[in-house]
Amino acid sequence: MITAGIDVGAKYAKIVVLEDGKSILTRANGIVGFDILKSVTAVSEKALDGTGLKRDQITRIVATGMGRKAIHRTPPINAEEIVPDVIADAKGTHHLISTVKTVIDVGAEEGRGVKVDENGKVRDFVINERCAAGAGTFIETMARALEVKVEDMGLLALKSTEAIPMNAQCCVFAESEVVTLIHSRVTKENISKAIHDAMAGRIASMVLRVGVEKDVALIGGVAQNPGFLPPLKKELNTEIIVPEHPQYVGAFGAALLALEMEGHQNE
Amino acid sequence: MSEKSKEFWRWREYRHTMPNMDWHDAKMVTAGVDIGSVGSKAAVMLDGELYTYAAMRTGGVSEETAVKAMNWAIEETGLKTEDIHYVVGTGYGRVNVPFAKRTITEIACHARGAHYIYGPTVRTVLDIGGQDCKAIRCDEKGKVMSFLMNDKCAAGTGRGLEVFADLIRTPIEELGKTSLSVQDEPQPVSNTCVIFAKAESVALLRQGWPKEKVSAAYHLAMVNRIIDLLTKVGIEKDFVVTGGVAKNTGIVSRLERNLKLKPLEPKLDPILAGAIGSALFAKALYEKEIGLR
Amino acid sequence: MKAYYGYKDGSGDYFIIIDTDKCNGCRKCVDACPHRVFELIKDEFDIEGGLMAAVTEEHRKKIKYSCGPCKPMSGERKLQCVLACEAKAITHSW
Ligand code: SF4
Ligand code: SF4
């Protein structure tokens, strides 16, 4: 049976198409623009392109992510079900790392901490939302202030020589602080590190509200940033596993949930 | 009377000495220096009455700015720093006032100063600066009953408005006006966060909303947020608005409408509130020192 | 006086409110808080006043995070400062 999961994030939509809960037939991602439905449709076409697969061969689609409602039972995608991010995160991560107890998901606009039980169910969770200082947007905004590509931010931080503190706790004020730092000739490497450290500090404090239990995994778009993992490990004082393709874990979890729901329906 | 002023972008530097006052007649000469992040002010009072003052931009070195502001305030009066009995420093750079005997938090000084400027009926003071927002409730003596200061988040500060002014390419001085030209008040922007509110505004503009309407929605969201903060400390009349954002009619008129309270008009530039308040504290401290209290 | 230390940002309201009329400057909150959020300062609002508790400058802009560990999402919430203060001068807005 073929199922699919679509994670409609604040910035990117991610799609995973799964056969029998085992093999990934295709996956794709793309930017979510002003018209969510249109953007997600384009991403799903991109995913199916060249695979010979058609929408009606997919038995069930489960949507998750901030924009999930836009495609819920709405053509052309017609996602049959929607689930909250934390449930999809827990499911997907647990399937990839069966020993996981704590999942940290950092996306563009939200940061989440999820405690997972041995069956991949959510025990507890915490969310940072509606403040850009607590998620990926922070790093992105700072990259603009530094005039560096977002993708390069992490590598830059890894080349730093000195840890300097950042005081601003707001994306907007931090932008000015970065400009001041540039003017006082602090290197871009060190500034980038300061940015990642500040961000890791906030995410770590958030996760502490659900408690940190091993194994710990980091997923979401920001997990691809190599500069973010070291300070996060340090703050939480633990090893952290980053699965392959961390940005797709939510969509993967949703596809697994779709299969589960089918199973229940046929029982 | 001597008044000099140089126009600066959005911030006027000036000094003024009250006519018909002579410091030689005064028993107590006290002063306050308020070193803010943008502007610094110095005020000298004779027995608790405002005598001379100056306001200028804060330079790179706070100590120098403090000395400059003070010297400018007493210029041509014949008064020397040594003649001043007691000086109190306030504002974010208050520890950098070399000749101050004591420092006092800007909240206390601001309330005291607002009380002097607007009169003893003032109970609620809202101060919105470039980087912070303060809500203060005080009693008939200008003593603080409750206060709140938000300098963590750019939403609800001058900075939040600057970001929006930039977006719709409107000079900050005219921003308030643009928001008042719409017939019906739209729904407020739903995001508080400046970064997300900006993105939301971009989406509204793309949907074809005229920029005046988006501006109204943005201002309204900010006003709702301010009212929320004011409610925490308690709103009592009389009500006053100080700080740079007091000049934004889009904010002030909406506050007026939604709170059903008309802010009092100042008799003096409210930018001086902190300096005046600290000079009044200086007087009280001097009285205590010489055993008058 | 009710002193509100903290902030409101896009995600919510985070204030520690100290009722300085109740606070007697006993210092118990300073010692009780595992994250050193409090300090005793000279009462600057009333020149006749003594010492009073305040939230340190360092924590004011990140109090949501500083207090996070004392506010687990589930299980018992033990705010050490509030428990330590016999004068009942401390409240949290969230
Ligand atoms: S304006 Fe700054 S502090 Fe406020 S919600 Fe946005 S990022 Fe957070
Ligand atoms: S424990 Fe209570 S009374 Fe004692 S210093 Fe702290 S706030 Fe004041």
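Everything quoted here is computed from the prediction, not taken from an experiment. (Residues numbered from 1 in each chain as written. Chains lettered and ligands numbered in written order. Predicted model: local features only at pLDDT ≥ 70, side-chain atom pairs only at ≥ 80, totals over all residues. Heavy atoms only, no water.)

Student: Whenever I open this one, the overall build of chain A confuses me. Can you help?
Tutor: Secondary structure assignment for chain A yields eight helices and nine strands. Against the compact-globule benchmark of 18 Å for 267 residues, chain A has a radius of gyration of 19 Å, which places it among compact chains. If one aligns the C-alpha atoms of chain A with their principal axes, the spans along those axes are about 65 × 35 × 30 Å. Relative to its full complement of 267 residues, chain A shows a buried share of 57%. Looking at chain A alone, contacts between residues at least 24 apart form 64% of all its contacts between residues at least 6 apart. For chain A, the accessible surface area stands at approximately 11,500 Å², while carbon and sulfur atoms represent 51% of it. If the 30 positive side-chain charges of chain A are averaged to one point and the 35 negative ones to another, these points end up 2 Å apart. (Helix = DSSP H or I, 4+ residues; strand = E, 2+ residues; numbered from the N terminus. Rg over C-alpha atoms; globule rule 2.2 N^0.38 Å. Buried < 20%, exposed > 50% of the residue type's maximum accessible area, 1.4 Å probe, protein only. Contact = heavy atoms within 4.5 Å. Areas by Shrake-Rupley, 256 points an atom, 1.4 Å probe, with all protein chains shown as cover. Lys, Arg positive; Asp, Glu negative; His and termini not counted. Charge placed at Lys NZ, Arg CZ, Asp CG, Glu CD.)

Student: Explain the pattern of salt bridges here, please?
Tutor: Pairs may arise between side chains of opposite charge once their charged atoms sit close together. All names here are of chain A. In total, this model carries 38 salt bridges over all chains according to the counting rule given. D105 is paired through a salt bridge with R112; the nearest N and O atoms lie 2.5 Å apart. Each member of the pair, D105 as well as R112, is classed as buried. What you see here is one network of salt bridges that share partners, running through R68, D85, D89, D105, E110 and R112. (Salt bridge = Lys/Arg side-chain N within 4 Å of Asp/Glu carboxyl O.)

Student: I would appreciate a short explanation of unusual backbone geometry in the present structure.
Tutor: Backbone phi values are negative for most residues with the exception of glycine, while trans is the configuration of most peptide bonds. In this model, P75(A) is joined to P76(A) through a cis peptide bond whose omega is 5°. Here P76(A) is to be found in the loop between β4 (60-64) and β5 (81-82). Cis peptide bonds are those with omega within 30 degrees of zero, and the linkage from K214(A) to D215(A) qualifies with -5°. Structurally, the position occupied by D215(A) is in the loop between α6 (188-208) and β9 (216-219). At R130(A), a position not held by glycine, the phi torsion is positive, near 65°. Among the secondary structure elements, R130(A) is positioned in the loop between β8 (122-128) and α3 (136-146). We classify R130(A) as partly exposed; its relative accessible area is 36%. The phi dihedral of R27(C) falls on the positive side, at around 80°, and the residue is not glycine. Within the secondary structure layout, R27(C) lies in the loop between β2 (12-19) and α1 (28-32).

Student: Could you clarify how one ought to interpret the environment of P266(B) in this entry?
Tutor: All names here are of chain B. Take P266: it is sitting in the loop between α7 (249-259) and α8 (273-289). Of the residues examined, P266 reaches a relative accessible area of 34% and is grouped as partly exposed. Expressed as a C-alpha distance, the spacing of P266 and V87, which sit 179 residues apart in the sequence, is 25 Å. Those residues in contact with P266, other than ones at most four positions away along the chain, are I117 and Y118.

Student: For this particular structure, what's the right way to read α8(B)?
Tutor: For an α-helix, the turn length of 3.6 residues means that residues three or four places apart are oriented alike. Between its first and last C-alpha atoms α8(B) spans 24 Å; for 17 residues at 1.5 Å apiece the expected length is 24 Å, and the two agree. Judged by how many residues are buried, α8(B) sits mostly within the fold: 14 of 17 residues are covered. (Expected span 1.5 Å × (residues − 1).)

Student: I keep staring at the domain arrangement of chain B and nothing clicks. Help me out?
Tutor: A common way to express how large an interface is: the accessible area buried when the components associate. Residues and elements named next belong to chain B. When its domains are assigned, chain B resolves into domain 1 (14-113 + 272-289) and domain 2 (122-263). For the pair domain 1 and domain 2, the summed buried area comes to about 750 Å², and 73% of that belongs to carbon and sulfur atoms. When residues of domain 1 are sorted by the area they lose upon contact with domain 2, I107, H110 and A111 head the list and together hold 68% of the total. Inspection of the domain 1/domain 2 interface yields zero salt bridges. Put simply, domain 1 and domain 2 have two residue pairs in polar contact (both at pLDDT 80 or more) between them. (Domains from an automatic or database assignment. Buried area = accessible area lost by both parts, 1.4 Å probe. Polar contact = N/O pair within 3.5 Å; in protein donor to acceptor, adjacent residues only side chain to side chain.)

Student: Just to check I follow, could you spell out the packing of aromatic side chains for this structure?
Tutor: By the definition in use, this model includes seven aromatic pairs over all chains. Taken together, a centroid distance of 5.3 Å and an interplanar angle of 20° make the contact between F147(B) and F45(C) stacked. With F147(B) in strand β10 (residues 144-150) and F45(C) in the loop between β3 (38-42) and β4 (51-55), the pair connects residues from two separate chains. Overall, F45(C) belongs to the buried group, its relative accessible area being 8%. Residues Y14(C) and W94(C) carry aromatic rings whose centres are separated by 5.6 Å and whose planes lie at 85° to one another, so their mutual orientation is edge-to-face. Taken together, the residues span a long stretch of sequence, with Y14(C) in strand β2 and W94(C) in the segment after β5 (90-92) at a distance of 80 residues. Note on Y14(C): relative accessible area 8%, which makes it buried. Residue W94(C) is classed as buried on the basis of its relative accessible area of 17%. Each member of the aromatic cluster is reached from another via a ring pair, and the members are F147(B), Y5(C) and F45(C). Taking NZ or CZ as reference, R202(A) lies 4.5 Å from the ring centre of F138(A), over its face. (Phe/Tyr/Trp six-rings, centres within 6.5 Å; stacked < 30°, edge-to-face > 60°. Lys NZ or Arg CZ within 6 Å of the ring centre and 35° of its normal.)

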